[in-house]
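Structural overview for review
Chain by chain, the residues:
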Amino acid sequence: MSQFGMPPANIIDGLRVPHIFTAESVRSAIQYQPKSDDLFLVTYPKCGTTWAQQILSLIFSQGIPEHSLGEGPFLELKGAQAVETIAATWIHQNSPPLQIGSMGDINFGDYFEHLLGWYEHRNDPNFLFLTYEEMKENPDTTVLKMASFIDNEKYAEPLRKDSEKLNSVLKYSSFQYMKEIANENSEDKPKSSEEQSSNSDHSEKTDASSQMGENEFKKGNAGKSISARLVRKGIVGDWRNHFSKEQSKRMDEKFTEKTKGTNIADLWIKCM
């Protein structure tokens, strides 16, 4: 186990990923050649990924919900073949307990490196930059912005012209609805042989160490399904209920240090 209480990570070609990610899948994802109409959802864990997936699913269906949370292929976990077959797959990344001084020593690396790297592309024509707080404050505007980014004529205009469609997207991507679906699907189901095979660890480890890591991962999440763990509170500012004054102070210092020379703080001026 790591210092954060999580199973050991895999370091694959310099990338730190959860131990259940295989070297084969990660390398396949890195080598994947995007098509002109591919849409990538790129978020740091626990920053609204599941919510954004649900909104995208409803935009594509024009407000018609499925009886499950919207999901897309998790490229690094399943590899490029998942995109080719459009296999809807999602796995939850557990956020380890926050250690302000060692924020880069976790799965998927340092949050600030993720933020700074993508923030540089915020004005690129093929990139849409959103914050969780923005999505919470203006959900209808966010939906139309996302739909317009994908294809204004095909997806955004129909939502603007038909308020029932837009309201359906908002209703079925609301926290209340998503929580209900997550609770309904909260019972863990036995994995199919295909799922068990795809989750086996081929990342240059012995079978024994791989099985041990997966058992540790499951033990830390006993009694909760993936859906139940993905939809938690759906609020802004919950850190106040968890951070001590000292942790809050250290986070402010880390934020100032990492974002020095940028205007990133303006994104959260209402929250700070």
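Nothing here was measured: the structure is a model prediction, and the numbers come from that model.

What follows deals with the overall build of the protein. The number of helices and strands found in the protein is 13 helices and two strands. The long-range fraction of contacts in the protein, counting pairs at least 24 apart against all pairs at least 6 apart in sequence, stands at 66%. Of the roughly 16300 Å² that the protein leaves accessible, carbon and sulfur atoms contribute 51%.

For the rest of this paragraph, the subject is the nonpolar core. Trp51, Ile55, Ile59, Val143, Ala147 and Leu159 are the most contacted members of the largest nonpolar core, which totals 24 residues. If you list the elements that add at least two residues to this core, you get α2 (49-61), α6 (132-137), α7 (139-161), α8 (163-172) and α9 (175-184). Ignoring any residue separated from it by four or fewer positions in sequence, one finds Ile59 in contact with Val143, Met146, Ala147, Ile150 and Tyr155.

So, on to the UniProt feature "domain: Sulfotransferase" (unreviewed entry) in the protein. As annotated by UniProt and renumbered to match this structure, "domain: Sulfotransferase" (unreviewed entry) occupies residues 37-65, 104-199 and 225-262. Within the segment residues 37-65, helix and strand shares are 45% and 0% respectively, and the terminal C-alpha atoms sit 23 Å apart.

Throughout the structure, instances matching the rule amount to 13 aromatic pairs. Centroid distance Tyr172 to Tyr177: 4.9 Å. Interplanar angle 75°. Geometry classified as edge-to-face. A network of ring pairs unites the aromatic residues Tyr44, Tyr111, Phe112, Phe255 and Trp268 as a single cluster. Taking the ring centre of Tyr119 as reference, the NZ or CZ of Arg122 above it sits at 3.9 Å.

Tracing the sequence through the fold places Gln54 in helix α2. Assessed through its relative accessible area of 2%, Gln54 is described here as buried. Side-chain polar atoms of Gln54 contact the backbone oxygen of Tyr172, separated by 2.8 Å.

Each full turn of the α-helix corresponds to 3.6 residues, which orients residues three or four apart in the same direction. In this model α7 runs just 17 Å from its N-terminal to its C-terminal C-alpha over 23 residues, more than 12% under the 33 Å that 1.5 Å per residue would give. Taking the largest bend as the criterion, α7 deviates by roughly 150°, centred on Asn152. Along α7, the residues classified as buried are Thr142, Val143, Leu144, Met146, Ala147, Tyr155, Ala156 and Leu159. Of the surrounding elements, those touching the buried residues of α7 are α2, α6 and α8.

Right, let's talk about the side chain of Ser25 for a bit. In this structure, Ser25 sits in helix α1 (residues 23-31). The exposure class assigned to Ser25 is buried, which follows from its relative accessible area of 9%. Within the structure, the side chain of Ser25 is placed 3.1 Å from the backbone oxygen of Leu77, a separation counted as a polar contact. Aside from chain neighbours lying at most four places away, what touches Ser25 is Leu75, Glu76, Leu77, Lys78 and Gly79.

Moving on to the pattern of salt bridges. Once the charged atoms of two side chains with opposite charge are near each other, the side chains can pair. The full count for this structure, using the stated rule, is five salt bridges. The shortest N-O distance in the salt bridge between Asp13 and Arg27 comes to 3.0 Å. Here Asp13, found in the loop between β1 (10-12) and β2 (15-17), pairs with Arg27, found in helix α1; they are 14 residues apart in sequence, far enough to count as distant. Take Arg27: its relative accessible area is 28%, and that puts it in the partly exposed class.

Put simply, α7 and α8 touch, their axes get as near as 11 Å, and they point 135° apart. Regarding the angle of α7 to α8, the classification is oblique. Crossing handedness for the pair α7 and α8: right-handed. For the pair α7 and α8, the contacting residues are Pro139, Asp140, Val143, Leu144, Pro158, Leu159 and Lys161 in the first and Ser163, Lys165, Leu166, Val169 and Leu170 in the second. Grouping the amino acids of the contact of α7 with α8 by side-chain chemistry returns eight nonpolar, one polar and three charged.

Close inspection of predicted coordinates is inappropriate for parts of the model with low pLDDT. Within the protein, residue pLDDT values average 76, and 71% of them lie at 70 or more. A low-confidence stretch, residues 87-103 stays under pLDDT 50, and its non-local contacts, those more than four residues away or across chains, total 56 contacts. Note that pLDDT drops below 50 for residues 188-223; the model gives that stretch 38 contacts with residues more than four away or on any other chain.

Parameters and conventions
Residue numbers here run from 1 along each chain, matching the order of that chain's written sequence. Residues qualify for local features only when their pLDDT is at least 70, as the model is predicted, and side-chain atom pairs are given and counted only at 80 or more; totals for whole chains, interfaces and linings, by contrast, use all residues. Only hydrogens and water are removed before side-chain values are computed, so all heavy atoms of the structure are retained for them. Working definition: helices are DSSP H or I runs of at least four residues, strands are E runs of at least two. Numbering for both runs from the N terminus. Contacts between residues were defined by any pair of non-hydrogen atoms, one from each residue, lying within 4.5 Å. Residue exposure ignores everything except the shown protein chains as possible cover, and the areas themselves are Shrake-Rupley values with a 1.4 Å probe. By nonpolar core we mean a set of buried residues, namely Ala, Val, Leu, Ile, Met, Phe, Trp, Tyr and Cys, connected to one another through side-chain atoms within 4.5 Å. Throughout this description, buried means an accessible area under 20% of the type-specific maximum (1.4 Å probe, protein chains only), exposed means over 50%, and partly exposed covers the range between. UniProt positions are given in the numbering used here, feature names are shortened, and annotations may be inferred rather than shown by experiment. Working definition: a ring pair exists when centres of Phe, Tyr or Trp rings (six-membered ring for Trp) sit within 6.5 Å. Plane angles under 30 degrees give stacked, over 60 give edge-to-face, the rest tilted. Two conditions define a charge sitting above a ring: the NZ of Lys or the CZ of Arg must be within 6 Å of the ring centre, and it must be within 35 degrees of the ring normal. Pairing of N or O atoms within 3.5 Å defines a polar contact, subject to two protein rules: one partner must be a possible hydrogen donor and the other a possible acceptor, and residues neighboring in sequence count only if both atoms are side-chain atoms. To estimate how far a helix should reach, multiply one less than its number of residues by 1.5 Å. Two axes enter the definition of the bend at a residue: one is fitted to the seven residues ending there, the other to the seven starting there, and the bend is the angle between them. Salt bridge criterion: a side-chain nitrogen from Lys or Arg within 4 Å of a carboxyl oxygen from Asp or Glu. Axis definition: a line fitted to C-alpha atoms, over the contacting stretch in the case of helices. Angles run 0 to 180 degrees between N-to-C directions. Note on terminology: angles under 35 degrees are roughly parallel, angles over 145 are roughly antiparallel, angles of 65 to 115 are roughly perpendicular, and the others are oblique. Two helices cross in a left-handed way if the nearer one is turned anticlockwise from the farther one by less than a right angle. They cross in a right-handed way if the turn is clockwise. All residues other than Ala, Val, Leu, Ile, Met, Phe, Trp, Tyr, Cys, Pro, Asp, Glu, Lys and Arg, Gly among them, are scored as polar; the first ten of these are nonpolar and the last four charged. pLDDT: the predictor's confidence for each residue, scored from 0 to 100.

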